[in-house]
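# Remarks on the overall topology
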There are 2 protein chains.
Amino acid sequence: MKDFYKLPSGFLSSGISAGIKKNGKLDLGLILSEKPCVCSAFFTKNKLKSAHILYDKKIVNKEIYAILANSGNANALNGKKGLSDLKKIIKSLSEKIKIHENSILAASTGKIAKKMPVDTIIKNIPELLKKLSKRDMNFPRAILTTDLKTKVVTEELIMNGKKCIITGVAKGSGMISPNMATMLAFILTDIKISRNLLAKVAKEAVENSFNKITVDGDMSPNDTIIFLANGAAENKIIKKEDNNYLKIKKALFNICFKLSEKIVEDGEGVTKVIKICIKNAKTKNQAEKIARRIANSLLVKTAFFGESLNPGRIISAAGATLESIDINKIVLKINNRSIVSNGQIISSNIREVEKNLKKDKINLELDLKIGRFSETISTTDLSYNYIKINADYS
Amino acid sequence: MKDFYKLPSGFLSSGISAGIKKNGKLDLGLILSEKPCVCSAFFTKNKLKSAHILYDKKIVNKEIYAILANSGNANALNGKKGLSDLKKIIKSLSEKIKIHENSILAASTGKIAKKMPVDTIIKNIPELLKKLSKRDMNFPRAILTTDLKTKVVTEELIMNGKKCIITGVAKGSGMISPNMATMLAFILTDIKISRNLLAKVAKEAVENSFNKITVDGDMSPNDTIIFLANGAAENKIIKKEDNNYLKIKKALFNICFKLSEKIVEDGEGVTKVIKICIKNAKTKNQAEKIARRIANSLLVKTAFFGESLNPGRIISAAGATLESIDINKIVLKINNRSIVSNGQIISSNIREVEKNLKKDKINLELDLKIGRFSETISTTDLSYNYIKINADYS
């Protein structure tokens, strides 16, 4: 694993194989803070919600000390039993670490509609606690499902002379869209910051990163992003939007943006990442709608997979939004080279653009020329492997 | 070809290879009526429109004698040249058959953003005219793109003692949704009917058939459905909603419904057809929204392709619409057997339902239990072959 996993002061973590996954891979992780944390959390908007979301939502405003995360089982579509199973697990952990149940958040990812193996998990909690460490490498692994790589990003910054750390850990990798979908992300920091300000800065970071990626247009019942700040850096508490706040804002955005890039790059079966930028739309909303439609068009995604130039599918996807755009005005660029203008293809650029399609990062820019708003969405191609992964994963 | 292609009185058709497709397959077809027809037509709502749609829209209310259809080239995204190319072709045909240009409709399907081979097409018009026949078999072939099968449905009915015929010819097969997408359909009849009544009955038939299917959620720039009635059966003209009208309505619906079924079954790479019925929704719109979301979910489609039971993905797709549904109330049935109720899976039925997933027709029924509105959408699975077809087709 090439990612360096550096935890902020006062945080410990661990990851073990607790028998939730059948293949013996890591599947249970714990994050523990020595001090109480202020928390800000974001959950899926899907009407089907994992039990952990129902649980977490009630306590996110309390003092948080820990996050128990598992992969291999989404604990969604398990009816009332899903929630009561989770409560049993949390209760057991609570007793063993002597922390109130209302201070422990949970996060699950994995297969939907499978009962949680409660006894197995509870039996493994002592092992999970024993492994807690300041330099643990296993938590980022323990939350993975079909991900191929762990996803960790760290930023260091100075707040009033105190060295502070922010570390983000995430997992993808299918069902990514349009509101974070099967992804978990935990962003931990030792910065001392007020709850209100954390909520504000976290919201902005999420909106401009995790909410701007899509792999397959599906939204999962489990999407969860949790920000925890334990104040262990002992900086003077950040309460207002001063220079320090701006530093935090920049660092958090960097972390969330890099994590979301890692999620897209590691999307199921992905061979290419395509950044879709809609420029000069009438409204931000119009730009986003068109970007998402292109990003989720199977015909566009399969064309990129086949490295075949098909600007017609891109323009057609834009037109299918029924937004009032003028086909004769728009300019489509692929990797900075124009390929459509005046409502037709620019033949002289075809060869150059086709050559560029072999790259694994593609920049697509559609200039609508009807306004001044822009939006960018990152997406992926659609490969045989996506189907293989998802036809078999049940 | 097993489909019997029976034309109504007064209609002729033909189909030839005019060199639009590189592989020598049929690619140019003509329908000609000996008498003037009243016409009703439906076109894509995509903002990118094929040149033929811009052309047809201006003349659909005139007396129509002919439809010139081609495959292999969509004549979309060709700028102003697309329309002027089409006009040249129509003009040449008009001169040769001595019918006014405003009486000839056009319809194109195939690759987007390729210039029409005008000269080649014009050169082949005499051959196309020579082949015109009352018992032609080639028109249904000449409009196909990636379709594997021709699609023809005929109904006979008696109007005031006169034998009448309605014949529908269509092509699919990718980009099918949500408003008819890359499909062409021509419904011809010798019934004498007023323009207004034809418009009314055609609209109803389209709404409940072609507009309720989806293969990949993409909407094409070329979708076109044309109804022509030439009155050659010499029945007393149908002007009001009497018993004869009801007979026509039933026959037209049958034809459109069967053609749309054929399109779905022959969708790109399809191994299974899945009928998704949402029952007892609060509104018709809610039922349709949820049905379409499930129908277009890649995770649902790949699960069906893999014949793997994954009710979680179905419920999750429903939940991702953000419609206010109660997960604990809904009942999900697959091939008439309940698999989810009370917000959880019914374990005792798993084996039976899994066995049923091997069938090539799947009935999925989601009862929301919050209202009294229903909607059904037909969709397909998503296979390796879909990707192969669309990664290569450029």
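As the structure is a prediction and not an experimental result, all values here were calculated from the model.

## Things to note about the overall build of chain A
Of the regular secondary structure elements, chain A holds eleven helices and 14 strands. In summary, chain A has a C-alpha radius of gyration of 22 Å against a globular reference of 21 Å for 394 residues, a match within 12%. Principal-axis analysis of the C-alpha atoms gives chain A an extent of 70 × 50 × 35 Å. Of all 394 residues assigned to chain A, the portion counted as buried reaches 57%. Of the contacts formed within chain A by residues at least 6 apart in sequence, a portion of 81% connects residues at least 24 apart.

## Side note on the nonpolar core
Buried together is how nonpolar side chains tend to be arranged in soluble globular proteins. The biggest cluster of nonpolar side chains holds 254 residues, and the ones touching the most others in it are Ala185 and Leu252 of chain A together with Ala185 and Leu252 of chain B. Apart from residues lying up to four places away in sequence, Leu252 of chain B is in contact with Ile166, Ile187, Val201, Ala202 and Ala205 of chain B.

## So, the sheet that holds strand S10 (residues 331-334) of chain B
All names here are of chain B. Taking strand neighbours across the sheet as the criterion, the six strands line up as S12-S11-S10-S13-S9-S14 in an open arrangement whose pairing is mixed. In the strand order of this sheet, the two ends are held by strand S12 (344-345) and strand S14 (373-380), each with one partner. One ladder, built from seven bridges, connects strand S9 (residues 273-281) with S14; its direction is antiparallel. Across the sheet, Ile274 pairs through a bridge with Thr379, a residue of S14. Helix H7 (residues 284-296) rests against S9 and S14 of the sheet, and its axis sits at about 20° to S14.

## Concerning the domain arrangement of chain A
Looking at the assigned domains, one finds that chain A contains domain 1 (11-265) and domain 2 (273-392). Computed over C-alpha atoms, the centres of domain 1 of chain A and domain 2 of chain A are 33 Å apart.

## A look at the confidence of the model for chain A
Residues and elements named next belong to chain A. Across chain A, pLDDT averages 90, with 94% of residues at or above 70. Every residue in residues 175-181 is under pLDDT 50, and counting partners more than four places away or in other chains gives 42 contacts. At the level of chain-chain contacts, confidence expressed as ipTM amounts to 0.78, with global pTM at 0.82.

## A look at unusual backbone geometry
Positive phi, close to 50°, is recorded for Glu307 of chain A, a residue that is not glycine. By secondary structure assignment, the location of Glu307 of chain A is in the loop between helix H8 (298-305) and helix H9 (311-319). Non-glycine residue Glu234 of chain B carries a positive phi angle of around 60°. Residue position: Glu234 of chain B is located in the loop between strand S8 (224-229) and helix H6 (243-265). Assessed through the 15 C-beta atoms surrounding it within 10 Å, Glu234 of chain B is described here as partly exposed.

## Quick look at the relation of the copies chain B and chain A
Superposing chain B onto chain A requires a rotation of 180° together with a translation of 0.0 Å along the rotation axis, leaving an RMSD of 0.0 Å. Here the transformation between the copies is reduced to the relation of a two-fold axis. Closest approach to the rotation axis among the C-alpha atoms of chain B is made by Tyr384 of chain B, whose C-alpha sits 2.8 Å away. In this assembly the copies share their binding face: 100% of the residues contributing to the interface of chain B also contribute to that of chain A.

## Concerning the environment of Ala205 of chain A
Within the secondary structure, Ala205 of chain A is located in helix H5 (residues 195-207). The exposure class assigned to Ala205 of chain A is buried, which follows from the 29 C-beta atoms found within 10 Å.

## Here's the deal with the interface of chain B and chain A
Of the residues lining the interface, 53 residues belong to chain B; the matching set on chain A comes to 53 residues. Looking at the side of chain B that touches chain A, its residues break down into 26 nonpolar, 20 polar and seven charged.

## Regarding the sheet that holds strand S12 (residues 344-345) of chain A
Residues and elements named next belong to chain A. Pairing in this open sheet of six strands is mixed, and the strands run S12-S11-S10-S13-S9-S14 from one edge to the other. Edge strands, defined here as strands with exactly one partner in the open sheet, are S12 and strand S14 (373-380). Strand direction decides the pairing type here: strand S11 (residues 337-341) and S12, joined by two bridges, are antiparallel. When the bridges of S12 are listed, Val340 appears paired with Ile345. Seen against the sheet, helix H7 (residues 284-295) touches strand S9 (273-281) and S14 and runs at an angle of roughly 20° to S14.

## Digging into the pairing of strand S7 (residues 184-189) of chain A
Residue and element names in this part refer to chain A. With six of six residues buried, S7 is to be regarded as a mostly interior element. Side chains Leu184, Phe186 and Leu188 project from S7 onto one buried face, and the interleaved Ala185, Ile187 and Thr189 project onto a second face that is buried too. With six bridges joining them, strand S6 (residues 162-171) and S7 adopt antiparallel strand pairing. Along S7, the bridge assignment pairs Lys171 with Leu184. Looking at chain direction, S7 and strand S8 (residues 224-229) are connected through six bridges and run parallel. The partner of Thr189 across the bridge, within S8, is Ala229.

## Here we look at helix H2 (residues 79-97) of chain A
Residue and element names in this part refer to chain A. Between its first and last C-alpha, H2 extends 28 Å over 19 residues, near the 27 Å set by a 1.5 Å rise per residue. Residues of H2 that are buried include every one of Gly82, Leu86, Ile89, Ile90 and Leu93, and no others. Along the axis of H2, the buried residues cluster in a sector spanning 95°; they form a single face. Exposed residues on H2 whose side chains face more than 90 degrees from its buried face are Lys80 and Glu95. Where H2 is buried, its residues meet helix H1 (51-59), strand S3 (64-70), strand S4 (104-108) and helix H3 (118-130). Of the residues one or two after H2, Lys98 is the one with positive phi, at around 55°.

## So, the packing of H2 of chain A against H3 of chain A
All names here are of chain A. The N-to-C vectors of H2 and H3 enclose an angle of 25°; their axes lie 10 Å apart at closest approach. Relative to H3, the element H2 lies roughly parallel. Our pair here, H2 against H3, has a crossing hand that is right-handed. Here Asp85, Lys88, Ile89, Ser92, Leu93, Lys96 and Ile97 of H2 lie close against H3, whose contacting residues are Val118, Ile121, Ile122, Ile125, Pro126 and Leu129. Residues of the contact of H2 with H3, tallied by class, amount to nine nonpolar, one polar and three charged.

## A few points about the pairing of S8 of chain A
Residues and elements named next belong to chain A. Burial analysis of S8 places six of its six residues in the buried class, the great majority of the element. Residue alternation in S8 divides its side chains into two sets, Thr224, Ile226 and Leu228 and Ile225, Phe227 and Ala229, and both sets are buried. The pairing of strand S2 (residues 28-43) with S8 spans six bridges and is classified as antiparallel. Bridging from a neighbouring strand, Ser40 pairs with Phe227 of S8.

## Some details on helix H9 (residues 311-319) of chain B
Residue and element names in this part refer to chain B. Of all nine residues making up H9, nine are buried, and the element is well covered by its neighbours. When we look at burial in H9, the residues that qualify are Pro311, Gly312, Arg313, Ile314, Ile315, Ser316, Ala317, Ala318 and Gly319. If you follow the buried residues of H9, they end up packed against H7, helix H8 (298-305), S10, strand S11 (337-341), S12 and strand S13 (361-367).

## Overview of the environment of Gly15 of chain A
Residues and elements named next belong to chain A. Within the secondary structure, Gly15 is located in strand S1 (residues 11-16). Look at Gly15 and you get buried, because 24 C-beta atoms sit within 10 Å. For the pair Gly15 and Gly269, spaced 254 residues apart in sequence, the C-alpha to C-alpha distance is 26 Å. With residues up to four places along the chain from it excluded, the contact list for Gly15 reads Leu26, Leu28, Gly29, Asp136, Asn138, Phe139, Arg141 and Ala142.

## Topic: the environment of Cys39 of chain A
All names here are of chain A. By the secondary structure assignment, Cys39 is in strand S2. Judged by C-beta crowding, with 24 C-beta atoms within 10 Å, Cys39 ranks as buried. As a C-alpha pair, Cys39 and Ala318 span 279 residues in sequence and 39 Å in three-dimensional space. Apart from residues no more than four positions distant in its own chain, Cys39 is found in contact with Val60, Ile64, Ile226, Phe227 and Leu228.

Cut-offs and rules
- Residues numbered from 1 in each chain as written.
- Chains lettered and ligands numbered in written order.
- Predicted model: local features only at pLDDT ≥ 70, side-chain atom pairs only at ≥ 80, totals over all residues.
- Helix = DSSP H or I, 4+ residues; strand = E, 2+ residues; numbered from the N terminus.
- Rg over C-alpha atoms; globule rule 2.2 N^0.38 Å.
- Buried ≥ 20, exposed ≤ 12 C-beta atoms within 10 Å, placed from the backbone.
- Contact = placed C-beta atoms within 7 Å.
- Core = buried A, V, L, I, M, F, W, Y, C linked by C-beta atoms within 7 Å.
- Pairing = 2+ DSSP bridges.
- Axes fitted to C-alpha atoms, helices over the stretch in contact; angles between N-to-C directions.
- Domains from an automatic or database assignment.
- pLDDT = per-residue confidence, 0-100.
- Least-squares fit on C-alpha atoms with pLDDT ≥ 70 in both.
- Nonpolar A, V, L, I, M, F, W, Y, C, P; charged D, E, K, R; others polar.
- Expected span 1.5 Å × (residues − 1).
- Arc of directions from axis to C-beta.
- Parallel < 35°, antiparallel > 145°, perpendicular 65-115°, else oblique.
- Left-handed = near helix turned anticlockwise from the far one by under 90°.

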